[in-house]
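Residue-level structural notes
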Number of protein chains: 2
Amino acid sequence: MTDGRSLKVALLGCGVVGSQVARLMTTHAADLAARVGAPVELAGIAVRRPGRLREGVLSELVTTDAQGLVSRPDVDVVVEVIGGIEPARSLISTAFENGASVVTANKALLAEDGPSLYAAADKYGADLYFEAAVAGAIPLLRPLRESLAGDSVNRVLGIVNGTTNFILDRMDSSGAGYYEALEEATALGYAEADPTADVEGFDAAAKAAILAGIAFHTRVRLDDVHREGITEVTASDIASARRMGCTVKLLAICERAADGRSVTARVHPAMIPLTHPLASVREAYNAVFVEADAAGSLMFYGQGAGGVPTASAILGDLVAACRNKVSGARGPGESAYTMLPVSPMGDVVTRYHISLDVADKPGVLSQVAAVFADNGVSIDTVRQQGKDGEASLVVVTHRAPDAALTATVETLRGLDTVRGVASIMRVEGE
Amino acid sequence: MTDGRSLKVALLGCGVVGSQVARLMTTHAADLAARVGAPVELAGIAVRRPGRLREGVLSELVTTDAQGLVSRPDVDVVVEVIGGIEPARSLISTAFENGASVVTANKALLAEDGPSLYAAADKYGADLYFEAAVAGAIPLLRPLRESLAGDSVNRVLGIVNGTTNFILDRMDSSGAGYYEALEEATALGYAEADPTADVEGFDAAAKAAILAGIAFHTRVRLDDVHREGITEVTASDIASARRMGCTVKLLAICERAADGRSVTARVHPAMIPLTHPLASVREAYNAVFVEADAAGSLMFYGQGAGGVPTASAILGDLVAACRNKVSGARGPGESAYTMLPVSPMGDVVTRYHISLDVADKPGVLSQVAAVFADNGVSIDTVRQQGKDGEASLVVVTHRAPDAALTATVETLRGLDTVRGVASIMRVEGE
């Protein structure tokens, strides 16, 4: 309990997000005090390079000694927005040892080491909040952890990376190729100079790990998440999707198996019907669909990144952590009681859209169809187009285990009559 | 604290929602126990007519003595799904006096008497949760109260009544008139035998009062909410909306005034552009847009009614109330520290779509335009159509105070050249 004194907050990192946290804490100080029940003060701001401070940040609070800041006995809550594994992990550990609660946006650390963080929070009677780690400003983790606490979540399907959604949206609306769209995203500040974490799906995979763990009350690590990025998505894939009444999105999908005994988590580009609500999520917006036994389908939509929206999520968590400090209460800890195992990608049941370049002669279709049948994969539709002795076959399958679909494609690649597999993409959202 | 014993829940009401609460508490008992940290048991179910029990309800728990049930000293949480003001209010009071926390879906009672309920909960150290009172299964109140606790909400704009959305959606998609669409809604179970509470906007107005109070940290009563239902919406209004690239929705709109010094809350049909995300909310679904300073635009979408989805929201609250009982913590109480006054409808700034039957002769348009100008209302577009000496004028205004728009319409009614005002509808969502 804090016995009426003000609460002290240590801010680690003062970049795009941190500077907005500092600004909002100052401009909203009166509201925060009213909502927490005590004044909330910035005790210090740890930065690596004090010379690069943003306008409006209180320079007298700035220090380069982050370890010293989190060790201060008067700090009640530590807000960590440095990102990455170290030194964030060590600083958070020290904060907990010191009895401080932690609010973090660090998806990489949570996906790698969430259970240890929860355990440390628990050991020292502190709280761990991280709404900002997934889908920025969108209230998503709190509803999953708390509002749906009496329900059973079966599926989470979402657009959780704004950079890739911006790129795919541009490819879809302008017919641009991947590199052209990436260039535009970079110029507009939606993609970083090194876009690997976004375009290769690492960022979305970390979020999928966090979402799956919370949704299914189990533990899912980054390594458990099947990950494919968008660098191989072509203008022709997008055009094929259009012909099917679909668009292409990078989706994070967490599912409970039909028998309820395992879960899967994956990130990959997929075609979804234009009628699906996620299809209309434009630019850098995020949206997440949640399917629960009793609640049915829910959707959460908003800005998934950016300094100000992310700071909103952090301040929401900060109010919760401070309120708990004031009342002596504790926020929710880890809920991993189901301990459901994570199945490999091969077990995921999905649909494939496969585009093949084939010889334009009789019998090819029947030969190709036999490969699908041999692998137990049922075909939904086939479109055949021929010109000058070459033809293309576009096959859309019914639902089948990913392993069977992969095996089918492997066998197709070995056929003499198949000149090449032009593209493979999963179809979701029905 | 409960010291490891199981938690006892009294259920008041066992209709469409209550029977699902009882069912889910039984089927999800193991999950609930794991999430709460102690077993959660039904202690009793109070009904008015025991003969009308639904299948699967444990008949040995049923009683007609609701007052006796909530007075039992072993009851930890009371779930109230009777609805209406009395006897719900008295039963909830007794529950609090008895130290029990209350989970309710009772929007009417909350809109009428929320502050007294909060005060009683506070006095006896109990919790009051009511996620299910607004937008059924959609996690909305918890995100507003907690996730956005560090932000400043400026506007809440939503479809919060499934019955009227179903009716308007049918009118829009089939061209049906209001009564025809109402009949279909009744036949399909979306409208009650007496649909007044839904179609006259009372249900949505109670929800708007609750939303406005929470969003702006103030108190808004049902009487403060301007209310218009959908009974006067015609097939021709819907057709006019279509011609403007709009559709008609019954919206609940809560706004903070531009100067931040007052709030407004209102429920009325309005035209919204087809490109607005709320326009694509079909059938009996609900969706709520929230605009906050830092978070930007957020949308929450899902099923707004029905026994099973509503029971999901109640169970989420039940888990929170039980967890608090186990840990000795308290949930959030009333936050009404801004005490912002509620301004009347006349102060609301909005746009009108007005359809007039006028004499088809020179000078009419200039006469009509002068009335708008005299009232300080600027015209956005005018469409004029004449036939057989009669003409219709469709005027869409720019944004202006509702009082000025109302005064304009009143003056227009008095003009000799205006034969009648065929329809007036507000335009929102830009």
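What you are looking at is a predicted structure, and each value in this text was computed from that prediction instead of being measured.

Quick look at the relation of the copies chain A and chain B now. Each copy of the sequence occupies a distinct position, and chain A is placed on chain B by a rotation of 180 degrees and an axial shift of 0.0 Å, giving an RMSD of 0.1 Å. Taken together, the turn and the small shift mark the pair as related by a two-fold rotation axis. Both copies present the same face, since 100% of the interface residues in chain A are matched by interface residues at the equivalent positions in chain B.

On to the pairing of strand E9 (residues 246-256) of chain B, then. Side-chain direction in a regular strand flips from residue to residue, so the side chains alternate between the two faces of the sheet. All names here are of chain B. Burial runs high along E9: ten of the eleven residues are buried. Across four bridges, the pairing between strand E7 (residues 153-159) and E9 is antiparallel. Across the sheet, the residue bridging to Gly 158 is Ala 252, located in E9. Summarising the sheet, E9 and strand E10 (residues 263-273) pair through eleven bridges and their orientation is antiparallel. In the strand pairing of E10, Cys 246 is matched with Pro 273.

Below, the discussion takes up the domain arrangement of chain A. Residue and element names in this part refer to chain A. Looking at chain A, the domain boundaries give domain 1 (7-136 + 307-327), domain 2 (141-303) and domain 3 (348-427). Look at where the C-alpha atoms of domain 1 and domain 2 centre, and you get two points 27 Å apart. The partner domain 2 presents 17 residues to the 19 residues of domain 1 that form the contact. Summing the contributions of domain 1 and of domain 2, the shared interface buries around 1400 Å²; its carbon and sulfur component is 62%. At the boundary of domain 1 with domain 2, the tally comes to two salt bridges. The residue Asp 203 makes a salt bridge to Lys 107 at a minimum N-O spacing of 3.7 Å. For the side of domain 1 that touches domain 2, the secondary-structure elements that each account for two or more residues are helix H5 (107-123), strand E6 (128-129) and helix H12 (307-327). The leading source of residues in the side of domain 1 that touches domain 2 is H5, at seven residues. Of the residues that constitute the side of domain 1 that touches domain 2, the class distribution is 13 nonpolar, two polar and four charged.

In this section: the sheet that holds strand E5 (residues 101-104) of chain B. Pairing within the open sheet is parallel, and its six strands lie in the order E3-E2-E1-E4-E5-E6 (chain B). Whereas interior strands pair on both sides, the edge strands pair on one side only; in this sheet they are strand E3 (62-63) and strand E6 (128-129) of chain B.

Bringing the environment of Cys246(A) into the picture now. All names here are of chain A. Relative to the helices and strands, Cys 246 resides in strand E9 (residues 246-256). C-alpha separation for the pair Cys 246 and Arg 219, spaced 27 residues apart in sequence, amounts to 33 Å. What Cys 246 contacts, discounting residues up to four positions off in sequence, is Ala 241, Met 271, Ile 272, Pro 273 and Leu 274.

Across the contact, 43 residues belong to chain A and 44 residues belong to chain B. Interface area, chain A with chain B, both sides summed: about 3600 Å², of which 56% is carbon and sulfur. Between Glu146(A) and Arg142(B) there is a salt bridge, with its nearest N and O atoms 3.6 Å apart. The interface formed by chain A and chain B holds 16 residue pairs in polar contact (both at pLDDT 80 or more) in total. At the level of elements, helix H2 (29-36), helix H6 (141-147), strand E12 (296-303) and H12 of chain A are the ones that each hand at least two residues to the side of chain A that touches chain B. Grouping the constituent residues of the side of chain A that touches chain B by class yields 23 nonpolar, twelve polar and eight charged. Of the strand pairs in this sheet, E12(A) and strand E12 (residues 296-303) of chain B are connected by three bridges, and their pairing is antiparallel. Bridge pairing links Phe300(A) to Phe300(B) in E12(B).

The next point concerns the environment of Arg383(A). Residues and elements named next belong to chain A. With respect to the element layout, Arg 383 can be found in strand E14 (residues 379-387). Accessibility expressed as a relative area gives 31% for Arg 383, which makes it partly exposed. When residues no more than four places from it in sequence are discounted, the contact partners of Arg 383 are Arg 243, Ser 392, Leu 393 and Val 394.

A separate point is the UniProt feature "domain: ACT" (unreviewed entry) in chain A. As annotated by UniProt and renumbered to match this structure, "domain: ACT" (unreviewed entry) occupies residues 353-426 of chain A. Annotated as 32% helix and 47% strand, the span residues 353-426 of chain A places its first and last C-alpha atoms 6 Å apart.

Next up on the list: the packing of helix H2 (residues 29-36) of chain B against helix H12 (residues 307-327) of chain B. All names here are of chain B. Relative orientation of the contacting elements H2 and H12 amounts to 45 degrees, with a least axis distance of 9 Å. When the axis of H2 is compared with that of H12, the two are oblique. In the crossing of H2 with H12, the sense of the turn from one axis to the other is right-handed. Packed against H2, whose contacting residues are Leu 32, Arg 35 and Val 36, the element H12 presents Leu 315, Val 319, Cys 322, Arg 323 and Val 326 at the interface. Of the residues belonging to the contact of H2 with H12, the class tally is six nonpolar, no polar and two charged.

Take the sheet that holds strand E2 (residues 40-46) of chain A next. In sheet architecture, strand pairing relies on hydrogen bonds along the backbone and comes in two forms, parallel and antiparallel. All names here are of chain A. An order of E3-E2-E1-E4-E5-E6 is seen for the six strands of this open sheet, with the pairing classed as parallel. For this open sheet the edge positions go to strand E3 (62-63) and E6, each flanked by a neighbour on one side alone. Taken together, the six bridges between strand E1 (residues 7-12) and E2 define a ladder with parallel strand orientation. Across the sheet, residue Lys 8 finds its bridge partner in E2, namely Glu 41. Helix-sheet contacts for helix H4 (residues 88-97) involve E1, strand E4 (77-80), strand E5 (101-104) and E6, and the interaxial angle to E5 is about 150 degrees.

In this section: helix H5 (residues 107-123) of chain B. Residue and element names in this part refer to chain B. The largest bend in H5 amounts to roughly 90 degrees and is located at Asp 113, with the proline Pro 115 lying one to four residues further along. The complete set of buried residues in H5 reads Leu 109, Leu 110, Ala 111, Asp 113, Gly 114, Leu 117, Tyr 118, Ala 120 and Ala 121. The secondary structure elements touched by the buried residues of H5 are helix H4 (88-97), E5, E6, helix H6 (141-147) and helix H10 (202-216). Positive backbone phi, approximately 70 degrees, marks Gly 125, located one or two places after H5.

A word on the packing of aromatic side chains. Overall, the coordinates contain nine aromatic pairs over all chains when judged by the stated rule. When the ring centre of Phe202(A) is taken as reference, the NZ or CZ atom of Arg227(A) above it lies at 3.8 Å.

What follows is about the pattern of salt bridges. Residue and element names in this part refer to chain A. The final tally for this structure, using the stated rule, is 54 salt bridges over all chains. Of the charged contacts, one joins Glu 41 and Lys 8 as a salt bridge, the two residues approaching to 3.6 Å between their closest N and O atoms. Pair noted here: Glu 41 is in strand E2 and Lys 8 is in strand E1, with a separation of 33 residues, a long-range link. Residue Arg 89 is joined to Glu 86 by a salt bridge in which the shortest nitrogen-to-oxygen separation is 3.6 Å.

This next bit is on the side chain of Thr218(A). All names here are of chain A. As for its position among the elements, Thr 218 is in the loop between helix H10 (202-216) and strand E8 (226-227). By relative accessible area, Thr 218 is classed as buried at 5%. Looking at Thr 218, its side chain comes within polar contact range of the main-chain oxygen of Leu 340, at 2.9 Å. What Thr 218 contacts, discounting residues up to four positions off in sequence, is Ala 212, Gly 213, Val 263, Ser 335, Ala 336, Thr 338, Met 339 and Leu 340.

Residue and element names in this part refer to chain B. Along the polypeptide, Arg 155 turns up in strand E7. Relative accessible area serves as the criterion here: at 13%, Arg 155 is assigned to the buried category. Considering only alpha carbons, one finds Arg 155 and Asp 347, 192 residues apart in sequence, at a separation of 15 Å. Residues in contact with Arg 155, not counting those within four places in the same chain, are Phe 216, Ile 253, Cys 254, Glu 255, Phe 289, Val 290, Glu 291 and Glu 428. At 3.2 Å, the side chain of Arg 155 forms a polar contact with the side chain of Glu 428.

For an α-helix, 3.6 residues make a turn, and residues three or four places apart therefore share a direction. All names here are of chain B. With twelve residues, helix H1 (residues 16-27) ought to run about 16 Å at 1.5 Å a step, and its terminal C-alpha atoms sit 17 Å apart, in line with that. Looking only at H1, the buried set comprises Val 17, Gly 18, Ser 19, Gln 20, Val 21, Ala 22, Leu 24 and Met 25. Residues of H1 that are buried in the fold lie against strand E1 (7-12), H2, strand E2 (40-46) and H12.

Calculation rules
- Residues numbered from 1 in each chain as written.
- Chains lettered and ligands numbered in written order.
- Predicted model: local features only at pLDDT ≥ 70, side-chain atom pairs only at ≥ 80, totals over all residues.
- Heavy atoms only, no water.
- Least-squares fit on C-alpha atoms with pLDDT ≥ 70 in both.
- Contact = heavy atoms within 4.5 Å.
- Buried < 20%, exposed > 50% of the residue type's maximum accessible area, 1.4 Å probe, protein only.
- Helix = DSSP H or I, 4+ residues; strand = E, 2+ residues; numbered from the N terminus.
- Pairing = 2+ DSSP bridges.
- Domains from an automatic or database assignment.
- Buried area = accessible area lost by both parts, 1.4 Å probe.
- Salt bridge = Lys/Arg side-chain N within 4 Å of Asp/Glu carboxyl O.
- Nonpolar A, V, L, I, M, F, W, Y, C, P; charged D, E, K, R; others polar.
- Polar contact = N/O pair within 3.5 Å; in protein donor to acceptor, adjacent residues only side chain to side chain.
- UniProt positions renumbered as here; feature names shortened; annotations may be inferred.
- Axes fitted to C-alpha atoms, helices over the stretch in contact; angles between N-to-C directions.
- Parallel < 35°, antiparallel > 145°, perpendicular 65-115°, else oblique.
- Left-handed = near helix turned anticlockwise from the far one by under 90°.
- Bend = angle between axes of the 7 residues up to and from the residue.
- Phe/Tyr/Trp six-rings, centres within 6.5 Å; stacked < 30°, edge-to-face > 60°.
- Lys NZ or Arg CZ within 6 Å of the ring centre and 35° of its normal.
- Expected span 1.5 Å × (residues − 1).

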